[in-house]
Amino acid sequence: MKKSMKFGIVAAIAAMVAAPLVPSAATAAPASAAATKSGPTSIAYVEVNNDQLANVGRYTLSGGANAFDVAIIFAANINWNGSKAVLVNNDKVQATLDNAATQIKPLQAKGIKVSLSVLGNHQGAGIANFPTQAAASDFASQIAATVSKYGLDGVDLDDEYSDYGANGTPQPNQQSIGWLITALRAQMPGKLISFYDIGPASSSLSSSSSTVGSKLDYAWNPYYGTYSAPSIPGLDKSRLSAAAVDIQNTSQSTAVSLAQRTKADGYGVFMTYNLPGGDKSAYVSALTQKLYGQAASYR
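Here's what I pulled together on the structure shown here. (Residues numbered from 1 in each chain as written. Predicted model: local features only at pLDDT ≥ 70, side-chain atom pairs only at ≥ 80, totals over all residues. Heavy atoms only, no water.)

What to know about the pairing of strand S5 (residues 113-120)
Then, number 1: Of all eight residues in S5, seven are buried, a share of seventy percent or more.
Then, number 2: Pairing geometry for strand S3 (residues 70-80) and S5, over seven bridges, is parallel. When the bridges of S5 are listed, Ile78 appears paired with Gly120.
Then, number 3: The sheet contact formed by S5 and strand S6 (residues 154-158) spans four bridges and is parallel. Pairing of Leu116 across the sheet is with Val155, part of S6.
Then, number 4: After leaving S5, the chain enters helix H4 (residues 133-149) and then returns to the sheet as S6, a path that is right-handed. (Buried < 20%, exposed > 50% of the residue type's maximum accessible area, 1.4 Å probe, protein only. Helix = DSSP H or I, 4+ residues; strand = E, 2+ residues; numbered from the N terminus. Pairing = 2+ DSSP bridges. Right-handed = clockwise from strand over helix to strand, strands pointing away.)

Shown next, in the form of structure tokens:
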């Protein structure tokens, strides 16, 4: 795997504590005052090693609203410096952040939220093995500082590629992810915190208290081309995506079926990954027709 490429798991692969801020598709600021849509919050991960984040903003529904509600920069890494976990951006991620004026702010001006995905880098550090609450809080501070510095709307947590135990690092523990989420919510009130439901952190959250889960805004199925909602106490279906679509690898017919099931089952989120450069409006439109009853165009 490249340092921020997700190809090993393609399968067929916020807010206040009491009342998390969930920018639903119906309430996120529309592209124009008259533009509205009703349906799930739509997520678009972008592999910025290969494609431009700004492309997310070029998809517009026939009524004028944005086709996507949240754009996620994939991905920053969790490295091990010999004594603790450190947040590191590769050159493509850093370029995206440095070029916020063209890559991030235009999306936000349209009402699209922008988050930064964070995942392991084969060095033994990850979101599931912070040995103490203080260590988790330290890493949360690094994330919060990056979110603040670049004017982002939140963070996405992904428990992949950490290689726990490498470089003498500890194995995962039950408390780590809860410590991190709690610290992030305290340090980033009003910002999004989402969870890519995979790895030891997923197992921990599935058996954690609802107090922890309620501090998340969203969580989604990580296995592309499949339909299976995460099970996290404190997070109801309005904030879950059972569907997982890789736009470059999930067939359009499968993606459309997942969109249809999402709407029929009342899930509040629809997650897509790997939005490429160029015009994919035929594919995106097939999804938005099912999710919102509107075609999408590329502008």
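After that view of the structure, there is still more to cover.
Some remarks on the packing of helix H8 (residues 252-265) against helix H9 (residues 281-292)
Helix packing for two helices is described by the angle between their axes and how far apart those axes are.
Then, number 1: For the pair H8 and H9, interaxial distance at closest approach is 8 Å and the crossing angle is 20°. In terms of axis orientation, H8 runs roughly parallel to H9. Pair H8 / H9 crosses with right-handed handedness. Contacts between H8 and H9 involve Gln252, Ala255, Val256, Ala259, Gln260, Thr262 and Lys263 on the former and, on the latter, Ala282, Tyr283, Ala286, Leu287, Lys290 and Leu291.
Then, number 2: A per-class count over the contact of H8 with H9 returns eight nonpolar, three polar and two charged. (Axes fitted to C-alpha atoms, helices over the stretch in contact; angles between N-to-C directions. Parallel < 35°, antiparallel > 145°, perpendicular 65-115°, else oblique. Left-handed = near helix turned anticlockwise from the far one by under 90°. Contact = heavy atoms within 4.5 Å. Nonpolar A, V, L, I, M, F, W, Y, C, P; charged D, E, K, R; others polar.)

Things to note about the packing of H4 against helix H5 (residues 176-187)
Then, number 1: The interhelical angle for the contact between H4 and H5, taken along N-to-C directions, is 45°, at an axis separation of 8 Å. Here H4 is positioned oblique relative to H5, judged by the angle of their axes. For the crossing formed where H4 meets H5, the hand is right-handed. When H4 is examined against H5, the residues Gln133, Ala136, Ser137, Phe139, Ala140, Ser141, Ile143 and Ala144 are found in contact with a partner set consisting of Ser176, Trp179, Leu180, Ala183, Leu184 and Gln187.

Focus: the packing of aromatic side chains
Then, number 1: Going through the model one piece at a time under the given rule, you end up with twelve aromatic pairs.
Then, number 2: Geometrically, the ring pair formed by Tyr224 and Tyr273 is stacked, given 5.0 Å between the ring centres and 15° between the ring planes. With Tyr224 in the loop between strand S8 (218-220) and strand S9 (226-227) and Tyr273 in strand S12 (residues 269-273), the pair connects residues that are 49 residues apart, well separated along the chain.
Then, number 3: Measuring from centroid to centroid gives 6.1 Å for Tyr227 and Tyr267, while their planes differ by 85°, and the two rings are edge-to-face. With Tyr227 in strand S9 and Tyr267 in the loop between H8 and S12, this pair connects stretches of sequence that are 40 residues apart. Of the two residues, Tyr227 and Tyr267, neither departs from the other in class, the shared state being buried.
Then, number 4: Linked through ring pairs, Tyr45, Phe74, Tyr196, Tyr218, Trp220, Tyr224 and Tyr273 together constitute an aromatic cluster.
Then, number 5: If you follow Lys37 out to its NZ or CZ, it ends over the ring of Tyr292, 4.2 Å from the centre.
Then, number 6: Over the aromatic face of Tyr267 sits the side chain of Lys237, whose NZ or CZ is 5.0 Å from the ring centroid. (Phe/Tyr/Trp six-rings, centres within 6.5 Å; stacked < 30°, edge-to-face > 60°. Lys NZ or Arg CZ within 6 Å of the ring centre and 35° of its normal.)

Describing the nonpolar core
Then, number 1: Grouped together as the largest cluster of nonpolar side chains are 77 residues, with contacts concentrated most on Ile73, Leu157 and Leu180.
Then, number 2: Those residues within four positions of Ile73 in sequence are excluded, and the remaining contacts are Val46, Val48, Leu53, Val93, Thr96, Leu97, Ile104, Val114, Ser115, Leu116, Ser117 and Leu152.
Then, number 3: Of all hydrophobic cores here, the second largest spans 18 residues; its members include Val70, Tyr161, Leu192 and Tyr224. (Core = buried A, V, L, I, M, F, W, Y, C linked by side-chain atoms within 4.5 Å.)

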